[in-house]
Amino acid sequence: MATQLKQVDESWDEGERAGAADTPYQRRARYFDSSNAFALKYAPVPCHQFLAERDRALDPATGTAVIPLDLSERLGTEFPATTPLILTRYLRIRAGDSLATRLKASGELYYVIAGTGETENGPDRIAWGPGDVFCLPGGFGSRHRAGDSDCVLWEISNEPELAFEHLEPPAQGNAVTGAVHYPAAEIAHQLERVGEKLKGQKIAGLALVFSSAEQAKSRNVLPSLTLAVNQLPPGDFQRPHRHNSAAITLAIQGKDCYSMIGGRRVDWQEHAVMVTPPADVHSHHNDGDQQMTCLIVQDGGLYYHCRTMGFEFAD
C-alpha cells in the first residue's frame, strides 16, 4: 500500500521526540516547527473511470457479488476509498438471491441500475425498481433481495470519512436522517418541473438535488454528501469550472458524451463511474442526439459547512 504522507524533510518523519520524558504520555509527544510542520504531500485524487468493475457488475456470470470501486492504493489510505471521504460499490444480486451488507457509515445511498427488489434496514423496508434512489440511516445492517430478475445497484457511503477518525456509525435512534425513497417516476416528474422552471434561462444543463425532511436546511442528502441528477441537452456543454469537493459521476445516459478533466478527455460509458479530482478544471459535453443524464455524489456538504466550496467558472 502506498504511503499516505511523505515528509519533505525525511529526518523529521515522526517529529522531534521529547528530550527528558518522564511518563508514557510525555514519550508519545512529537514536535514540529514552521520549517517542516506543513511540508506534507498527500497522494492526489486521480481522474479515473471504473470500466472493469462496471463490466463485472453487468455480467450475468458474476452472480451475486459486492464490487468495490476502491482507489485506496493510489490514495494512500489505510481503508477502502473511492475518494478520501467517499466509498462506492456496485452490488449485483442474482434473481431470487439476497445480499447482506453492513457499512460503518452515517448513511447509505443507492441508485438502482437494473432490476426490482426490496431492501430491509432495521425497521425500514423499501421496495425499489430501475431508476429509483433511496437513502438509509447508518448503524444497521442491510439486506437486499432481488425479485425475479438480476439486479444491479450503485451503493454510496461516507465510510472513509468515519474510518479516518476511527468513528462508529450513529447509535440506533440517532441517525442523521431516516430512510428516504425517491421513486424513478417522481424523479422524472421533478426533472420536468425544473425544466419548466428554468425554461428560457441561459444555463447549461440542470440539476435536481436530493434532500430529506431532516436535511432540507442544508440542501444535502447527508450532512457531508450532496447527491444530484444532472442533465444536459443534445449539442450543449457545461462551462469549464472547478470546486474543492471531489465528484463521483455515474453515467446513466451518456452516448456521445464526454468530459474534459484537468485537460484530459474522458468519454462517457453507460453505467460506468468516473472520478473528478477536487479543484481540477472540468467541463461536460453532449455531442449526441439524446439528453445526457448522470448521477453525481460529492463531499460538498463538508465544504459548504466550512464555507470553502470554492466553486468558480474557469473561463
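Residues numbered from 1 in each chain as written. Predicted model: local features only at pLDDT ≥ 70, side-chain atom pairs only at ≥ 80, totals over all residues. Heavy atoms only, no water.

Student: Tell me about the overall build of the chain, residues and numbers included.
Tutor: Of regular secondary structure, the chain possesses six helices and 25 strands. Compactness check: the chain gives a C-alpha radius of gyration of 21 Å against a globular reference of 20 Å for 315 residues, within 12% of the reference. Its C-alpha atoms give the chain principal-axis dimensions of about 70 × 50 × 40 Å. In the chain, which comprises 315 residues, the share counted as buried stands at 46%. Partitioning the contacts of the chain with sequence separation of at least 6, the portion at a separation of at least 24 is 72%. Looking at the chain as shown, the accessible area adds up to about 15,800 Å², and 51% of this sits on carbon and sulfur atoms. Across the chain, 29 positive and 40 negative side-chain charges occur, with their mean positions spaced 2 Å apart. (Helix = DSSP H or I, 4+ residues; strand = E, 2+ residues; numbered from the N terminus. Rg over C-alpha atoms; globule rule 2.2 N^0.38 Å. Buried < 20%, exposed > 50% of the residue type's maximum accessible area, 1.4 Å probe, protein only. Contact = heavy atoms within 4.5 Å. Areas by Shrake-Rupley, 256 points an atom, 1.4 Å probe, with all protein chains shown as cover. Lys, Arg positive; Asp, Glu negative; His and termini not counted. Charge placed at Lys NZ, Arg CZ, Asp CG, Glu CD.)

Student: Please provide a residue-by-residue account of the side chain of S72, values included.
Tutor: Considering the arrangement of structural elements, one finds S72 in helix α3 (residues 72-75). When residues no more than four places from it in sequence are discounted, the contact partners of S72 are T77, F79, P80 and A81.

Student: Tell me about the sheet that holds strand β13 (residues 141-146), and name the residues and values.
Tutor: Reading across from one edge, β8-β13-β10-β11 is the order of the four strands in this open sheet, with antiparallel pairing throughout. The open sheet terminates on both sides in strands that have one partner only, identified here as β8 (98-102) and β11 (124-128). For this sheet the average axis-to-axis angle between neighbouring strands, irrespective of direction, equals 15°. Summarising the sheet, strand β10 (residues 117-121) and β11 pair through five bridges and their orientation is antiparallel. Within β11, the position partnered with G117 by the bridge is W128. (Pairing = 2+ DSSP bridges. Axes fitted to C-alpha atoms, helices over the stretch in contact; angles between N-to-C directions.)

Student: An account of the pairing of strand β21 (residues 264-267) is needed here, citing residue identities and associated values.
Tutor: Across four bridges, the pairing between strand β20 (residues 257-261) and β21 is antiparallel. When the bridges of β21 are listed, I261 appears paired with R264. With antiparallel pairing between neighbouring strands as the criterion, β20 and β21 make up a hairpin whose turn holds two residues, including G262 at a positive phi of roughly 55°.

Student: Requested: an account of unusual backbone geometry, with residues and values cited.
Tutor: For H271, which is not glycine, the phi torsion reads 65° and is therefore positive. With respect to the helices and strands, H271 occurs in the loop between β21 and β22 (273-276). Taking relative accessible area as the criterion, H271 reaches 14% and is therefore assigned buried. Look at A279: it is not a glycine, yet its phi comes out positive at around 75°. On the secondary structure map, A279 appears in the loop between β22 and β23 (282-286).

Student: Residue-level account of helix α5 (residues 184-197), with values.
Tutor: For α5, spanning 14 residues, the distance from its first C-alpha to its last is 20 Å, which sits close to the expected 20 Å at 1.5 Å a residue. For α5, the full list of buried residues reads I187, L191 and V194. Seen along its axis, α5 keeps its buried residues to an arc of 65°; they face one direction. Those residues of α5 that are exposed and angled more than 90 degrees off the buried face are A185, E192 and E196. Looking at the packing, one finds that the buried side of α5 touches β12 (133-137), β15 (180-182), β16 (206-209) and β17 (226-232). (Expected span 1.5 Å × (residues − 1). Arc of directions from axis to C-beta.)

Student: Let's hear about the pairing of strand β9 (residues 107-114): which residues, and what values?
Tutor: By the criterion of burial, β9 is predominantly enclosed, with seven of the eight residues buried. In this sheet, β12 lies alongside β9 in antiparallel orientation, the contact comprising five bridges. Residue pairing for β12: Y110 is matched across the bridge by F134. Here six bridges tie β9 to strand β14 (residues 151-157), and the two strands are oriented antiparallel to one another.

Student: Tell me what's going on with the side chain of Q253, and back it up with residues and numbers.
Tutor: Within the secondary structure, Q253 sits in strand β19 (residues 247-253). In terms of polar contacts, Q253 uses its side chain to reach the backbone amide nitrogen of K255, at 3.1 Å. Aside from chain neighbours lying at most four places away, what touches Q253 is Q290, Q291, M292 and T293. (Polar contact = N/O pair within 3.5 Å; in protein donor to acceptor, adjacent residues only side chain to side chain.)

Student: Tell me about the state of the cysteines, and please be specific about residues and values.
Tutor: Structurally, a disulfide amounts to a covalent bond that connects the sulfur atoms of two cysteines. Using the criterion set out here, one finds zero disulfides in the structure. Of all cysteine sulfurs in the structure, the one in C294 sits closest to C47, which takes part in no disulfide; the separation is 14 Å. For the unlinked cysteine C151, the closest cysteine sulfur is that of C135, found at 20 Å. (Disulfide = S-S within 2.5 Å.)

Student: Run through the sheet that holds β16, naming residues and quoting values.
Tutor: On the basis of which strands lie adjacent, the open sheet formed by six strands has the order β5-β22-β19-β24-β17-β16 and antiparallel pairing. Because the sheet does not close on itself, it has two edges, and the strands there are β5 (48-50) and β16. Along the sheet, successive strands turn relative to each other by an average axial angle of 25°, direction set aside. Bridge analysis of β17 against strand β24 (residues 292-298) gives seven bridges, and the strand direction is antiparallel. In the sheet register, L227 faces β24, and the bridge partner there is V297. Strand contacts of α5: β16 and β17, with the helix running at about 135° to β16, the strand carrying the most contacts.

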